Amino acid sequence: MKVRVLLFARLRELARSDALELELPEGSTAGSVWLRLQEQVEALRAYRRPPLMAIDQAYVSPDSVLAGGEEVAFFPPVSGG
Amino acid sequence: MKVRVLLFARLRELARSDALELELPEGSTAGSVWLRLQEQVEALRAYRRPPLMAIDQAYVSPDSVLAGGEEVAFFPPVSGG
Amino acid sequence: MVRMVQRPIDLPGLLRLVQGGGIGGIAVFVGVVRDHNAGKRVIAVEYEAYPAMAEKVLGEIEAEAVGEFGPLSIAIEHRVGRLEVGEASVAIVAGAAHRREALGAVSHAIERIKQAAPIWKKEWYEDGTQWLDDPGLPGTELK
Amino acid sequence: MVRMVQRPIDLPGLLRLVQGGGIGGIAVFVGVVRDHNAGKRVIAVEYEAYPAMAEKVLGEIEAEAVGEFGPLSIAIEHRVGRLEVGEASVAIVAGAAHRREALGAVSHAIERIKQAAPIWKKEWYEDGTQWLDDPGLPGTELK
């Protein structure tokens with residue numbers, strides 16, 4: 001199955017990319033997508049704490065299971081306002 | 001001694017006057033000015049509770065003593081904002 | 001800065017007064033004439049003030065807000081005269097380094113204005129007028 | 001009504017949105033770019049957002065405010081892109097029958113925006129830039 005991954009702020013800058021497609025095994029979780037990303041994009045390994053994660057624009061925990069086709073976003077603590 | 005008396009809102013309307021001069025005995029208090037006013041202006045007797053009082057634009061209690069020459073104001077509970 | 005005015009509230013002007021490089025948050029409260037009160041339809045209101053004392057009290061309220069919420073830039077404008085439904089009667093604007101101080105100062109100021117500023121409101125209804133000073137007073141019936 | 005925008009905050013437009021005959025008080029909070037932060041002189045900031053999610057979260061924050069403070073009319077606008085010192089980054093406007101609901105809704109909304117809206121701020125200094133996401137992160141040093 002495939003998901004679309006979005007990266008923001010520091011993560012976008014580290015990865016030098018704001019979006020990518022990932023092919024994943026069935027049963028993948030949001031957290032496992034992050035680990036896969038860090039394998040593929042070496043620069044993201046410098047970011048050692050778990051990022052915030054969202055599936056289809058809603059916050060999720062790392063154990064949330066994906067069905068395929070979702071938009072999965074990773075980002076640092078927010079600082080808007 | 002003399003003071004200048006100001007009336008506002010309902011009291012101004014009852015008295016049909018917004019300002020008057022009063023000649024007072026030495027040692028008069030703000031409260032005694034109010035009693036004198038009610039003697040002189042019959043329509044003010046309908047207002048049976050003590051009004052708010054100010055001397056020279058500062059709230060005072062009825063027992064505040066006047067020296068003469070002050071601006072003494074009487075008015076109902078405030079409702080601005 | 002405090003001002004009693006007989007023209008519409010100048011919110012853009014008040015906002016300009018509280019700007020500055022150290023300001024991180026600006027809070028505002030605007031009181032507006034509502035179309036109803038205590039179950040009656042209101043068509044307009046009239047505000048009367050003791051102008052010299054009102055400006056003095058509003059200045060004290062500004063000083064209190066600074067004392068309680070720390071360094072801030074604050075401006076208050078209150079209108080007098082006849083106002084139609086939807087028009088602003090009062091505006092308080094506070095700029096501070098941080099949001100909590102700005103919001104706290106504005107909340108504090110509007111509460112204190114309602115308690116202490118020598119200003120009175122008369123409501124106009126389809127069938128008469130009424131001062132809002134004290135519903136228990138004799139002579140409070142509609143005129 | 002929530003809007004993520006790439007142009008200056010339109011405060012008069014937001015104020016028009018929350019008007020209506022039943023409104024007795026309008027509260028506003030405007031976040032402004034400050035000229036310093038954590039002891040450093042700031043010359044500009046850049047806001048980045050996840051726009052679709054930010055609008056969703058801001059909409060949820062509006063719904064929360066109505067749930068907590070009762071009937072009110074609320075509008076939020078957050079700007080993204082580069083902003084100079086003194087420019088507004090966010091504005092929240094709430095109109096309600098009474099002042100406490102309007103002020104409470106605005107205070108609640110700005111706290112929740114800072115906690116939850118997927119928006120990030122980068123500060124520009126004379127000697128570099130810095131994300132404000134997390135000072136403890138590796139790579140947080142000035143670039």
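Residues numbered from 1 in each chain as written. Chains lettered and ligands numbered in written order. Predicted model: local features only at pLDDT ≥ 70, side-chain atom pairs only at ≥ 80, totals over all residues. Heavy atoms only, no water.

1. Brief notes about the interface of chain B and chain C
To keep it simple, the criterion reads: The contact criterion used throughout is that any non-hydrogen atoms of two residues lie within 4.5 Å. Once two parts are brought into contact, the accessible area they lose, counted with a 1.4 Å probe and summed over both, makes up the buried area. What makes a salt bridge here is a side-chain nitrogen of Lys or Arg within 4 Å of a carboxyl oxygen of Asp or Glu, nothing more. Any pair of nitrogen or oxygen atoms within 3.5 Å is treated as a polar contact; in protein, a donor-acceptor pairing is required on top of that, and neighbouring residues in sequence qualify only through side-chain atoms on both sides.
Chain B puts 24 residues into the contact, and the matching count from chain C is 32 residues. The contact between chain B and chain C buries some 2300 Å² in all, and 52% of this surface belongs to carbon and sulfur atoms. The largest share of the area that chain B buries against chain C comes from B:Arg10, B:Gln57 and B:Gly81, three residues that together contribute 30% of it. Linking chain B with chain C are 3 salt bridges, by the criterion used here. Two residues, B:Glu13 and C:Lys122, come together in a salt bridge whose shortest N-O distance is 2.4 Å. Summed over the shared surface of chain B and chain C, the number is 16 residue pairs in polar contact (both at pLDDT 80 or more).

2. Examining the packing of helix α3 (residues 99-116) of chain C against helix α3 (residues 99-116) of chain D
Note the following rule: To obtain an axis, a line is fitted to C-alpha atoms, over the contacting stretch when the element is a helix, and the angle between two such axes runs from 0 to 180 degrees between their N-to-C directions. Where helices and strands are cited, they refer to DSSP runs of H or I of at least four residues and of E of at least two residues respectively, numbered from the N terminus. Should an angle fall under 35 degrees it is called roughly parallel, over 145 degrees roughly antiparallel, and 65 to 115 degrees roughly perpendicular, with every other angle called oblique. Side-chain classes follow a simple rule in which Ala, Val, Leu, Ile, Met, Phe, Trp, Tyr, Cys and Pro form the nonpolar group, Asp, Glu, Lys and Arg form the charged group, and the remainder, Gly included, forms the polar group.
Between α3(C) and α3(D), the least distance of the axes is 11 Å, while the angle of their chain directions is 175°. In terms of axis orientation, α3(C) runs roughly antiparallel to α3(D). Between α3(C) and α3(D), the residues in contact are C:Arg99, C:Arg100, C:Leu103, C:Val106, C:Ser107, C:Ile110, C:Glu111 and C:Lys114 and D:Arg99, D:Arg100, D:Leu103, D:Val106, D:Ser107, D:Ile110, D:Glu111 and D:Lys114, respectively. When its residues are assigned to classes, the contact of α3(C) with α3(D) shows 6 nonpolar, 2 polar and 8 charged.

3. Quick look at the sheet that holds strand β5 (residues 73-79) of chain C
Inclusion rule: Here, strands pair whenever DSSP counts at least two bridges between them.
What the 8 strands build is an open sheet, ordered β1(C)-β5(C)-β7(C)-β2(C)-β2(D)-β7(D)-β5(D)-β1(D); its pairing is mixed. Looking at the sheet topology across the chains shown, the edges are occupied by β1 (2-5) of chain C together with β1 (2-5) of chain D. Across this sheet, the average inter-strand angle for adjacent strands is 10°, counted without regard to direction. Where strand β2 (residues 25-32) of chain D and strand β7 (residues 88-96) of chain D come together, 8 bridges link them in antiparallel fashion. When the bridges of β7(D) are listed, D:Gly25 appears paired with D:Ala96. Packing against the sheet, helix α2 (residues 51-69) of chain C makes contact with β1 and β5 of chain C, and its axis sits at approximately 150° to β1(C). The sheet contacts of α3(C) involve β2 (25-32), β5 and β7 (88-96) of chain C together with β2 of chain D, and relative to β7(C) the element is tilted by about 150°.

4. Notes on the packing of aromatic side chains
Spelled out, the test is: Think of it this way: a Phe, Tyr or Trp ring, Trp meaning its six-membered ring, pairs with another when their centres are within 6.5 Å, and the plane angle makes it stacked under 30 degrees, edge-to-face over 60, tilted otherwise. In our convention, an over-ring charge means Lys NZ or Arg CZ found within 6 Å of a ring centre and within 35 degrees of that ring's normal.
Summed over the entire model, instances satisfying the criterion amount to 16 aromatic pairs over all chains. Taken together, a centroid distance of 5.9 Å and an interplanar angle of 75° make the contact between A:Tyr59 and A:Phe75 edge-to-face. Here A:Tyr59 is found in strand β4 (residues 58-60), whereas its partner A:Phe75 is found in strand β5 (residues 71-75), with 16 residues between them in sequence. Taking 6.3 Å as the distance between ring centres and 85° as the angle between the ring planes, the aromatic pair formed by B:Trp34 and B:Tyr47 counts as edge-to-face. Taken together, the residues B:Trp34 in helix α2 (residues 30-40) and B:Tyr47 in the loop between α2 and β3 (52-55) connect sequence positions 13 residues apart. Taken together through their ring pairs, the aromatic side chains of A:Phe8, A:Tyr59, A:Phe75, D:Tyr50 and D:Trp120 make up a single cluster. Sitting over the ring of C:Trp124, C:Arg82 keeps its end group 5.1 Å from the ring centre. One Lys or Arg, D:Lys40, reaches over the ring of D:Tyr125 and ends 4.9 Å from the middle of that ring.

5. Concerning the side chain of C:Glu77
Residues and elements named next belong to chain C. The condition that has to hold: Burial status follows relative accessibility: with a 1.4 Å probe on protein chains alone, a residue under 20% of its type maximum counts as buried, one over 50% as exposed, and anything between as partly exposed.
By the element assignment, Glu-77 lies in strand β5. A relative accessible area of 0% places Glu-77 in the buried class. Within the local environment of Glu-77, its side chain forms a polar contact with the side chain of Arg-7, the two groups lying 2.8 Å apart. Discounting chain neighbours no more than four positions away, the residues touching Glu-77 are Arg-3, Val-5, Arg-7, Pro-8, Ile-9, Asp-10, Leu-14, Ser-89, Val-90 and Ala-91.

The quantities given are spatial measurements derived from coordinates; they are silent on function.
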